[in-house]
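Secondary and tertiary structure notes
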Amino acid sequence: MTTAAVAAAAPPALLHAVGDRALTWLDNHREFFRLTAEERASGTVFERLKPIGELALIMQVLFREGVAGSRQHTRASRLLDFAWRELLDGGTVLTELQRDEPVSPVALEVYATFRQLGYRAPALEAAVEVSRRTTTWKTLEMMPNRRLGVLNAERKAGLAPSEDFDGAVSRTWLGRLPEPWTVQYNIAYDITHTVFHLTNWGEAPDRIPPEIASYLTLYLPAWMEDWLDAENWDLLGELLVVDTCLPHPTLDARIWERYAAAQSDAGAMPAQRGMPEGDTSDVFDDVHHPTLIAVFASAMATSRALQSA
Amino acid sequence: MPLSAVVADVATGVVLALRGGGDPYALSRVLPQDDPLAPAAIRVLGADVLAPYALDHRSAPAGADDETVVRQALAAYPPGPDASEVSVWTYRGLIEASRALLPGDPGDADRAWPQVPRAGAAWITTDPWPKLAFRASQLAALAFPGLAPDLADGLAARTDDLARGFVRAVRRRDWLQAAGLGRWLARLPHVPPTLGLDSGLVFVQQMSDGDARVALHVVAARQFYGRGG
C-alpha cells in the first residue's frame, strides 16, 4: 500500500453518541413504522416491510456488538418486541405475505433476523420449506447483490443456502473489481449491500475476500469524500459501515464529525443535506432509513474503536 | 484574445505535434515572442511548451526564437520568497526542460539558464491524499521524461493516494485534474491495476469535451509512457 499516514480516528464517545441519538429518535417515532390495514389489504406491504426488516437487523447489530449502554439496550429490545408483536402481528403478516406470494423470498428475508433473535413463526417456516423445493426459488431473476441477501437470509434462518455463496459474490459488481471512478449513486449502493450481505451486516468482516478488501481499502476514501461533498448522509452512512468491515478501519474523525453534525437535534439523520420539512409521517418516510443506518454505523464504529483501543 | 484562449491554442499546437500531425512544432510559431501574453501562457503550461522537442521527429530543431520566448517567461515570473511550492516546482521544471531541450550556452552569461531554485518537498510525503492529488495535478507538466526525478521518486511512494485522487477528480468531473493525475500515474511504477488507468485516460478526454489542456495530458501519457492508448 503506497499511501501516507492514515487519517486521525474519531473518538469512541463521538461514534457512540450518533447512534444513541438516532435510536432515541427511532424509538420516539416507532408508531410510523406501522402497517395500516389498507396497506395490508392493498399489496403495498412489501414497501413497508423493508424498514421493519432493517429495524430488526440493526437492533440485532446493537446486541451483537455489545456497545449499547443499558438504556440503549432496553430501547432496542422494546423496539424489537414492538416490531414483532405490533407491526408483524406476531409473524402473521409474514405468513400471510408468503401465502399471497409463495415463491417470493421477501418474508424469509425479514423473518430470518427475528428468528435468530428468538421469535418464531412455524407456519411461515413450513411454507418457505415447500417453496424452496422449487427450481423457481433458485432462479428468480434479481440483482446479484440482492441474491446474496437471499442466500444470507437462508443462512441466518438455519437453511442450507440455495446456491454457492462465492459464485454469487463473483457475479456482483464488487466481485469483479471494476474501474473505481465509475462508481455513481446506484453502484455505490450495490457495493454497500454486497458488503452487508457478505459479512452478515458486519458480523463476519473476514468473509470479504482479500482482493475485495484491498480494493475497498484503496478506493473507499475517495468514494466517502465524494458523498461527503454531496452531503448524502444516507449513502455516506452506509460507506462508513463498509469502512468498519475492513481489516484496518479508518473511522476518519473529519468525516465522522461532519456526519454527526448533520444529525437533527432530535437525533434524526437527514438523507441528504438538511432535514426535510412537512408532515411528521412524510418526514419519517424520508429519514427513517438514514437514521437506522446511523445506528448501524455508530454501533460498528464504536465496536471497532474499542477493539483497537 | 484572453489568456485562456492563448493557452488553449498553444496546448492544441503541442497536442498536434505530439500526435505527429501537421507541420513540425516550433514554440515561437505557436507563441510568437511579441505576443504580450506569451510569458503568462508559458507560466501556465510550464515545461509542456517544450514537450514536442523531447520527441525529435515531431519538431523542428529548437532555435534562438524559441529560446527567447522562454527566457522572457523565466524573467517575467521568477518565484518570489512567498511563492507557492507548486509555482517553484513549475518554474524549476521549465528551467530543467529548457536546459535539456533548448540551445542555451552555459559559457555565455547572457545565454546561461537560471539556477534552479530550491523547492520544498516535505508535502510529497506528508500531504493527505486529497491535497497531494491537487498539487500533483497542478505539476502534471513535470510528468515528462527525465524531468524532476526527485518529485517522481517521491510520488512513486504515493501511487495509491494519486489513484484515489484520480477517482475523486473523475467523480467531481474535474477533467483537468483527472488528466494531470492520470499522466503522473502513467509515468510511475506500481499503479494499482484495478484503477483502469488506460480506459480512464480515454474516458477523461472524451468527457472533457475538447479541452486542449486535458488533451495535452492525455496525449503526453500516451506518447511518453504508452498509457491510455
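Residues numbered from 1 in each chain as written. Chains lettered and ligands numbered in written order. Predicted model: local features only at pLDDT ≥ 70, side-chain atom pairs only at ≥ 80, totals over all residues. Heavy atoms only, no water.

The number of helices and strands found in chain A is 15 helices and zero strands. Each of the 309 residues in chain A was classed as buried or not, and the buried ones make up 55%. Here the contacts in chain A between residues at least 6 apart in sequence split such that 71% fall between residues at least 24 apart. Working note: accessible area of chain A is about 12,800 Å², and carbon and sulfur atoms make up 51% of it. (Helix = DSSP H or I, 4+ residues; strand = E, 2+ residues; numbered from the N terminus. Buried < 20%, exposed > 50% of the residue type's maximum accessible area, 1.4 Å probe, protein only. Contact = heavy atoms within 4.5 Å. Areas by Shrake-Rupley, 256 points an atom, 1.4 Å probe, with all protein chains shown as cover.)

Attention shifts here to the interface of chain B and chain A. Chain B puts 24 residues into the contact, and the matching count from chain A is 22 residues. Taken together, both faces of the contact between chain B and chain A bury some 1,900 Å²; the carbon and sulfur share is 58%. Between the two partners, chain B and chain A, sit three salt bridges. With its nearest N and O atoms 2.4 Å apart, the salt bridge here joins D229 of chain A to R168 of chain B. The tally of links from chain B across to chain A stands at nine residue pairs in polar contact (both at pLDDT 80 or more). Those elements that place two or more of their residues in the side of chain B that touches chain A are α9 (159-171) and α11 (197-207) of chain B. Top element by residues in the side of chain B that touches chain A is α9 of chain B. It accounts for ten residues. (Buried area = accessible area lost by both parts, 1.4 Å probe. Salt bridge = Lys/Arg side-chain N within 4 Å of Asp/Glu carboxyl O. Polar contact = N/O pair within 3.5 Å; in protein donor to acceptor, adjacent residues only side chain to side chain.)

Residue and element names in this part refer to chain B. Taken N-terminus to C-terminus, the directions of helix α7 (residues 129-138) and helix α10 (residues 175-187) make an angle of 85 degrees; their axes are 8 Å apart at the nearest point. The angle between α7 and α10 falls in the class roughly perpendicular. Between α7, through A133, F134, A136 and S137, and α10, the contact on the second element is made entirely by Q177, G180, L181 and W184. Split into classes, the residues belonging to the contact of α7 with α10 amount to five nonpolar, three polar and no charged. (Axes fitted to C-alpha atoms, helices over the stretch in contact; angles between N-to-C directions. Parallel < 35°, antiparallel > 145°, perpendicular 65-115°, else oblique. Nonpolar A, V, L, I, M, F, W, Y, C, P; charged D, E, K, R; others polar.)

Moving on to the nonpolar core. One finds L49 and Y259 of chain A to be the most contacted residues of the largest nonpolar core, which totals 186 residues. The leading source of residues in this core is helix α15 (residues 280-308) of chain A, at 13 residues. Mapping this core onto the domain boundaries places at least three of its residues in each of domain 1 (1-118) and domain 2 (121-229) of chain B. Setting aside residues no more than four positions away along its own chain, L49 of chain A makes contact with L35, L88, V93, L94, L97, V106 and V110 of chain A. (Core = buried A, V, L, I, M, F, W, Y, C linked by side-chain atoms within 4.5 Å. Domains from an automatic or database assignment.)

Next up on the list: the side chain of T172 of chain A. Residues and elements named next belong to chain A. By secondary structure assignment, the location of T172 is in the loop between α10 (165-170) and α11 (185-198). Accessibility expressed as a relative area gives 1% for T172, which makes it buried. Only 2.7 Å separates the side chain of T172 from the backbone oxygen of V169, close enough to count as a polar contact. If we ignore the near neighbours within four places in the chain, the residues touching T172 are P144, N145, L148 and T194.

A positive phi angle, near 55 degrees, is found at W201 of chain A, a position not held by glycine. Note that W201 of chain A resides in the loop between α11 and α12 (210-229). Residue W201 of chain A is classed as buried on the basis of its relative accessible area of 9%. Of note, the phi angle at R173 of chain B is positive, near 60 degrees, even though the residue is not glycine. The residue R173 of chain B is located in the loop between α9 and α10 in this model. Classification of R173 of chain B by relative accessible area gives exposed; the value is 58%.

Okay, helix α6 (residues 106-116) of chain A next. Residue and element names in this part refer to chain A. For α6, the buried fraction is high: eight of the eleven residues fall into the buried class. When α6 is considered as a whole, its buried residues turn out to be V106, A107, L108, V110, Y111, A112, T113 and F114. Against α3 (45-65), α4 (70-87), α5 (92-100), α7 (122-131), α8 (135-139) and α9 (144-156) lie the buried residues of α6. Trailing α6 by a residue or two, G118 shows a phi angle of about 105 degrees, which is positive.

For the structure shown, the criterion picks out 30 salt bridges over all chains. Between E225 of chain A and R254 of chain A there is a salt bridge; the shortest N-O distance is 2.8 Å. Of the two residues, E225 of chain A sits in helix α12 while R254 of chain A sits in helix α14 (residues 253-262), which places them 29 residues apart along the sequence. Look at R254 of chain A and you get partly exposed, because its relative accessible area is 40%. One salt bridge in this structure joins E67 of chain B and R111 of chain B, with 2.8 Å as the shortest N-O distance. With E67 of chain B in helix α4 (residues 64-76) and R111 of chain B in the loop between α5 (85-101) and α6 (122-126), this residue pair connects regions lying 44 residues apart in the sequence. Take R111 of chain B: its relative accessible area is 30%, and that puts it in the partly exposed class. Among the ionic contacts, a cluster of salt bridges with common partners joins D226 and D229 of chain A together with R168 and R171 of chain B.

With that out of the way, let us pick up the domain arrangement of chain B. Residue and element names in this part refer to chain B. What the domain assignment reports for chain B is domain 1 (1-118) and domain 2 (121-229). Put simply, the middle of domain 1 and the middle of domain 2, counted by C-alpha atoms, are 21 Å apart. Taken residue by residue, the interface counts 25 residues in domain 1 and 26 residues in domain 2. Surface buried jointly by domain 1 and domain 2 totals about 2,000 Å² across both partners, of which 71% is contributed by carbon and sulfur atoms. Considering only the side of domain 1, the residues that lose the most area to domain 2 are D48, V86 and W89, jointly responsible for 31% of the buried surface there. In this structure, the connection of domain 1 to domain 2 is made through two salt bridges.

This paragraph deals with the environment of A56 of chain A. Residue and element names in this part refer to chain A. Mapped onto the elements of the fold, A56 is located in helix α3. Expressed as a C-alpha distance, the spacing of A56 and A112, which sit 56 residues apart in the sequence, is 9.7 Å. Look past the residues within four positions of A56 in its chain and what remains in contact with it is L80, T113, F114 and L117.

As enumerated under the stated definition, the model contains 23 aromatic pairs over all chains in all. Between the aromatic rings of W256 of chain A and Y259 of chain A, the centroid separation amounts to 5.4 Å while the plane-to-plane angle is 85 degrees, which identifies the pairing as edge-to-face. Here the residue W256 of chain A and the residue Y259 of chain A both occupy positions in helix α14, the gap between them amounting to three residues, near one helical turn. The two residues W256 of chain A and Y259 of chain A agree in class, both being buried. Note on F224 of chain B and Y225 of chain B: the rings are 6.2 Å apart at their centroids and 70 degrees apart in plane angle, and the pair reads as edge-to-face. Here R155 of chain A stacks its cationic end above the ring of F165 of chain A, 4.1 Å away from the centre of that ring. The ring centre of W89 of chain B lies 4.8 Å from the NZ or CZ of R92 of chain B, which sits over that ring. (Phe/Tyr/Trp six-rings, centres within 6.5 Å; stacked < 30°, edge-to-face > 60°. Lys NZ or Arg CZ within 6 Å of the ring centre and 35° of its normal.)

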